[in-house]
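Geometric and topological summary
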Amino acid sequence: MQPRKYEGIIKKYREFLPEIDDEFIISINEGNTPLIKSRNVYKIINPDIEIYFKYEGLNPTGSFKDRGMTMAVSKAVADGSKAIICASTGNTSAAAAAYAARAGIKSFVLIPEGKIAMGKLSQALMHGSVVMQIQGNFDDALIIAKEISEEFEVTLVNSVNPYRIEGQKTASFEIADELGKAPDYHILPVGNAGNITAYWNGYKEYKQAGKIQNLPKMLGFQAAGAAPIVLNHIVKEPHTIATAIRIGNPASWQKAVKAKEESGGLIEAVTDEDLLSAYALLARTEGIFCEPASAITLAGLIQLNKRGFFKKGDVCVLTLTGHGLKDPQNAIKVSSEPIVVPCDKKSVLKTMELI
Ligand code: F0G
C-alpha cells in the first residue's frame, strides 16, 4: 500500500469544509494532534472516569488557532486578498503571522499592551507581522480591527470570519475518529467563544453524516475575572492571569450559549488560583505542559467532580488549547526556583541528598 502523506486539515476533511482549490491552500500541516489518555491525574481526581487530553499545543504555531487560520488564510488568498488583520490575546496573532508569511501576504495584528505571553509576542514579530500594542484590551482591539476590515482591503481573520470556525471544527472529527464515538463530555476554555462553537458544529455535522451516533455535552469554562457569559453581562475590565482568555465581550457569545443549551452542558467560572494549581498538576503528573488558559479545563473538571457531577465510566475530553512554552513566565512563577550550587561534585551530591 502507498503511504499517505498528511497535509493538514483541509485535505484531510475536505468533504466537510468549504471548497478550495489545491493551488490556494496555505497549510503548515496543522491538525492531527494527539489525543492523550490520562495515566495518573484521573486517579487523583476520580478513578471511575476516563480523561483524554486533546493536545492542541502540538500544532505548528503551538495552538488550536492553526486549524482555523489555514482555512481563513487559504480563502483570503483564493479571493485575492493581499493582507490580513486580527485582534488577539496572542495565539491568533501568532497563527495569523505564520500563515500570512507562508502565503506571502501582509499581516497586521492588534494586541493588548503588556497583556500577552512572551512566546506569542515573539512569534508574531518573528514571522514579520506589523505588531501594534493597543493601549486597551482585546475587546477594544477587535472593534478597531473589524472597522478597518470593513473600510479597507484587509481581510479580518478573527473567529467572526466564518472560515475560522469551519477549520476549527476539525478537532471534533479527529477525536470522534479516534474514539469511534463522541465523548460524554467535552471540556473547553471559553474566551472569544469561537472554539466551543466550532467543536459543537463539528460534532453535530459528524453525527448528521452518520460518522458518530452520539453527541457530547459541552462544558465551557471562563476565568472568574473575565466571565461575561457566566455573569450574563459584558465585563468592561476583564482580568485574569490566563491572558489568552482575558475577554469581556466575546464575539461568539450567543453561539456559545447555544452550544451549551443544545448539548445540555454548562458554562461556569473558575478562579485563577484553581486554574494555576491545575496547570501545575497537569505538568507534574502527566508530563503535559499547556498554557494557563488551557488548564482551566482540568480545573473545571475538578470543580464539577467535587460536586459529584460525573458517573462511573464517563469519558471526558479536555482540549489543551495552547503549548506551555508560549508562556514561560507563568510556568516559572508556579514552580520552585532553580537551586544555585557551587561547581563541585560534593555540593551537587549534597543537594541531591545522596550524601
Ligand atoms: N485557549 C487559548 C490558549 C486561547 O488562545 C484562546 C483564545 C482560548 C483558549 C479561547 O478560545 O476565543 O475560541 O473561546 N485566544 C484568542 C486569541 C482570543 O486572540 O489568541 P475562544
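Just above sits the structure.
Here's what I pulled together on the structure shown here. (Residues numbered from 1 in each chain as written. Predicted model: local features only at pLDDT ≥ 70, side-chain atom pairs only at ≥ 80, totals over all residues. Heavy atoms only, no water.)

**Side note on the site of the ligand**
Neighbouring the ligand are 19 residues, the closest being Ser88, Thr92, Asn192, Ala193 and Thr321. A distance of 2.9 Å separates a nitrogen atom of the ligand from a polar side-chain atom of Lys65. Measuring from an oxygen atom of the ligand, one finds a backbone N or O atom of Thr89 at 2.8 Å. For the shell around the ligand, the elements supplying multiple residues, two or more each, are α4 (91-103) and α9 (194-208). A class-by-class count of the residues in the shell around the ligand yields 7 nonpolar, 10 polar and 2 charged. (Near = heavy atom within 4 Å. Polar contact = N/O pair within 3.5 Å; in protein donor to acceptor, adjacent residues only side chain to side chain. Helix = DSSP H or I, 4+ residues; strand = E, 2+ residues; numbered from the N terminus. Nonpolar A, V, L, I, M, F, W, Y, C, P; charged D, E, K, R; others polar.)

**A short note on the layout of surface pockets**
There is about 220 Å³ of room inside the largest pocket. Lining the largest pocket are 13 residues, with Asp139, Asp140, Ile143, Ile234 and Asn249 positioned closest to its centre. Quantified by volume, the second largest pocket comes out at close to 170 Å³. Together, Gly114, Lys115, Ile116, Ala117, Met118, Thr240, Ile241, Thr243, Asp327, Gln329 and Asn330 line the second largest pocket. Residues belonging to the lining of the second largest pocket are distributed by class as follows: 4 nonpolar, 5 polar and 2 charged. (1 Å grid on protein atoms, 1.4 Å probe; cavity = no way out; pocket = protein on both sides within 12 Å on 5 of 7 lines; lining within 4 Å. Points joined across faces, edges and corners; volume = space filled by probe spheres on them.)

**Things to note about the packing of aromatic side chains**
In the structure shown here, the tally under the stated rule is 7 aromatic pairs. Here Phe309 and Phe310 contribute two aromatic rings whose centre-to-centre distance is 5.0 Å and whose plane-to-plane angle is 80°, an arrangement assigned as edge-to-face. For Phe310, a relative accessible area of 9% translates into the label buried. These aromatic residues form a ring-pair network of at least three members: Tyr13, Phe16, Phe173 and Tyr206. (Phe/Tyr/Trp six-rings, centres within 6.5 Å; stacked < 30°, edge-to-face > 60°. Buried < 20%, exposed > 50% of the residue type's maximum accessible area, 1.4 Å probe, protein only.)

**Here we look at empty space enclosed by the protein**
Counted according to the given criterion, the structure contains 1 cavity of 30 Å³ or more. As a volume, the largest cavity reaches approximately 330 Å³. Forming the walls of the largest cavity are 28 residues, and the residues nearest its centre are Phe64, Lys65, Gly191, Asn192 and Ala244. Counting residues per element, the ones that place at least two in the lining of the largest cavity are α4, α7 (162-168) and α9. The greatest single-element share of the lining of the largest cavity, amounting to 3 residues, is contributed by α9. Grouping the amino acids of the lining of the largest cavity by side-chain chemistry returns 11 nonpolar, 13 polar and 4 charged.

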